[in-house]
Amino acid sequence: DYDLPRPIIRTGDQSLRPFFGVATAGFLGAQSRPITAIGNAGYLQLRESSARSLFRALTFRGQLRRKFGQFDAFYTLSKNLDSDSTERGASFASYDNAYDLRNEYNYGALDRRHIVAISTVIHAPFGFEIGANSRFASAAPLEVSVSGIVAPPGFVPAGLPAGGTISASDLNAAYAATVTLFPLRGGGCASQPAVVCTSSTTGDLNQDAGNFDDRPYTAPGVSQLRNSYRNRPTKNVDLRIQRNFTFGERVQIAPSVEFFNLFDFQNIQFASTRVLNYGNPGVNEKTGAVLGASNVDFLKLRDTKGNLILNNSPGSPFQVQFGLRLKF
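Just so it is clear, the structure is predicted and the values come from calculations on it, not from any experiment.

**Describing the side chain of Gln-224**
Part 1 of the argument: By the secondary structure assignment, Gln-224 is in the loop between β8 (222-223) and β9 (229-230).
Part 2 of the argument: A residue is classified by how much of its surface remains accessible, and Gln-224, at 8% relative accessible area, is buried.

**A look at the state of the cysteines**
Part 1 of the argument: In total, this model carries 1 disulfide according to the counting rule given.
Part 2 of the argument: A disulfide bridge connects Cys-189 with Cys-197, and the sulfur atoms are separated by 1.6 Å. Across the S-S bond linking Cys-189 and Cys-197, the dihedral sits near 80 degrees, which makes this disulfide right-handed. With respect to class, Cys-189 is no different from Cys-197; both count as buried.

**Here's the deal with the nonpolar core**
Part 1 of the argument: Core analysis: the biggest nonpolar cluster contains 20 residues, and Ile-149, Tyr-175 and Phe-182 have the highest contact counts within it.
Part 2 of the argument: For Ile-149, the contacting residues outside a window of four places in its chain are Asn-172, Tyr-175, Ala-176, Thr-180, Phe-182, Thr-201, Thr-202, Leu-205, Gly-279, Asn-280 and Pro-281.
Part 3 of the argument: One finds Leu-142, Phe-270, Val-275 and Leu-276 within the second-largest nonpolar core, a separate group that totals 5 residues.

**Details of the packing of aromatic side chains**
Part 1 of the argument: Evaluation of the coordinates by the stated rule reveals 8 aromatic pairs.
Part 2 of the argument: Residues Phe-60 and Tyr-75 carry aromatic rings whose centres are separated by 6.4 Å and whose planes lie at 20 degrees to one another, so their mutual orientation is stacked. Of this pair, Phe-60 sits in strand β1 (residues 53-66) while Tyr-75 is found in strand β2 (residues 69-82), placing the two residues 15 residues apart along the sequence.
Part 3 of the argument: The exposure class of Phe-60 is partly exposed, given its relative accessible area of 49%.
Part 4 of the argument: A relative accessible area of 27% means that Tyr-75 is categorised as partly exposed.
Part 5 of the argument: Taken together, a centroid distance of 5.3 Å and an interplanar angle of 75 degrees make the contact between Phe-155 and Tyr-175 edge-to-face. Within this pair, whereas Phe-155 is found in the loop between β6 (141-142) and α1 (168-179), its partner Tyr-175 is found in helix α1, the two being separated by 20 residues in sequence. Just as Phe-155 is buried, Tyr-175 falls in that class too.

**Quick notes on the environment of Gly-29**
Part 1 of the argument: Summarising the element assignment, Gly-29 is placed in the segment before β1.
Part 2 of the argument: Gly-29 sits 88 residues away from Ala-117 along the chain, and the two C-alpha atoms are 54 Å apart.
Part 3 of the argument: Setting aside its immediate chain neighbours within four residues, Gly-29 contacts Ile-8, Arg-10, Phe-19, Phe-20 and Gly-21.

**Points about the pattern of salt bridges**
Part 1 of the argument: Applying the stated criterion to the full structure yields 10 salt bridges.
Part 2 of the argument: Of the charged contacts in the structure, one is a salt bridge between Arg-215 and Glu-104, with a shortest N-O distance of 2.8 Å. Taken together, the residues span a long stretch of sequence, with Arg-215 in the loop between α1 and β7 (217-219) and Glu-104 in the loop between β2 and β3 (106-107) at a distance of 111 residues. For the pair shown, Arg-215 and Glu-104 are each scored as buried.

**Notes on unusual backbone geometry**
Part 1 of the argument: Residues other than glycine seldom take positive phi values, yet Gln-207 does so here, at roughly 55 degrees.
Part 2 of the argument: Position of Gln-207 among the secondary structure elements: in the loop between α1 and β7.
Part 3 of the argument: The class of Gln-207 is buried, set by a relative accessible area of 1%.
Part 4 of the argument: Positive phi is not limited to glycine here, since Ser-272 has a value of about 80 degrees.
Part 5 of the argument: Take Ser-272: it is sitting in the loop between β12 (251-260) and α2 (273-276).
Part 6 of the argument: You can call Ser-272 partly exposed: its relative accessible area is 29%.

Calculation criteria
Residues numbered from 1 in each chain as written. Predicted model: local features only at pLDDT ≥ 70, side-chain atom pairs only at ≥ 80, totals over all residues. Heavy atoms only, no water. Helix = DSSP H or I, 4+ residues; strand = E, 2+ residues; numbered from the N terminus. Buried < 20%, exposed > 50% of the residue type's maximum accessible area, 1.4 Å probe, protein only. Disulfide = S-S within 2.5 Å. Core = buried A, V, L, I, M, F, W, Y, C linked by side-chain atoms within 4.5 Å. Contact = heavy atoms within 4.5 Å. Phe/Tyr/Trp six-rings, centres within 6.5 Å; stacked < 30°, edge-to-face > 60°. Salt bridge = Lys/Arg side-chain N within 4 Å of Asp/Glu carboxyl O.

Written as C-alpha cells, this is what we have:
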C-alpha cells in the first residue's frame, strides 16, 4: 500500500510496534493517508517483483525388485523459503509492515522439512496383486496472528464487584485495557460500568487498515517472522487388492478393491481464527512484558470441554472403492 504514512512509535508504547494509525479515528497516534485525493478510507496498492524464494532438497531413494514384487522408498529433506505464498493476489496483501518486509521472508506455505514415501506391489498367491502406497510428511508452516484481543482463562478485571457479572465481549475489552493503548470506552463497560473497557478489541494493532491481522511480538520491537509456527504432521496409507480372471484368449475381468486412508488417520489441521488467534499483542503495550497466548483455544484440537473444535480441518476419512475392469 503506497498510500500509507511512515509508521511511528507511539509515546508510551512499550511494545515498540510501528504504528500507522489510519484505520480508526481516536487512536493514540492516529495519522492521515498522504494521498489526499483518495481520502483516508482508500488505499493505493501496487504489485512489484521484489519477493524472493529459495527451495533446496536432498532425496534418497531405495528400491528392491524380486520375483514376488517390487518395493520403493523415498526420503526427502527439504527447505522452502519465500517472501509470499499467495498466488497472484491482486487485491490481497499478506505483509505485516509495508515499510519493512524483512520479516516476510521465511518458510513458505508448501514447506515440508521431512517427507517419507513408500510404495510396493506384491504378486501374492492365487493370482492376487497387492499394491500399497504410504506418505508421511512433517508439519507445514502455520501463520499465527492477532485477529482480536481475547481475555485469558481466569482473568478478573479490576473494578468488578464481588459476585458481579460481565459479558464475554466486555471481558475481552477489559483485558484489552490492560495490554493495549486502545482508546477507552466512556462510562466503562456496557455490562459493568465499574470496569474499564476499551472501545475496540480489533486485531489491527498497527492500524494500517490492511487485510492481514498483525503478528504478535516476541520482545519489544521484535515481531514474529511469517509462518513462525507449525501445523500438525500428516500420514496416509492406501491399499489396493486385485485379481485377474481370464476367459479364453481374449477376455479378462479384473475385480479390485481399494482402501484409502486404510488406518483412518484423522490428519486434523489447525484452521480458522478460532485456533490461530494469539489473543494479545505478544508484548504488553503498557508495560513491555512478554505475554503468552491468551486465547484458550490457541493451537488446540479440543475445547475446554473435550470436544473437537469443528473450525479445524479434518483430513479425508477412511474410504473403500470397488472396481471392475473388463478387457477384451
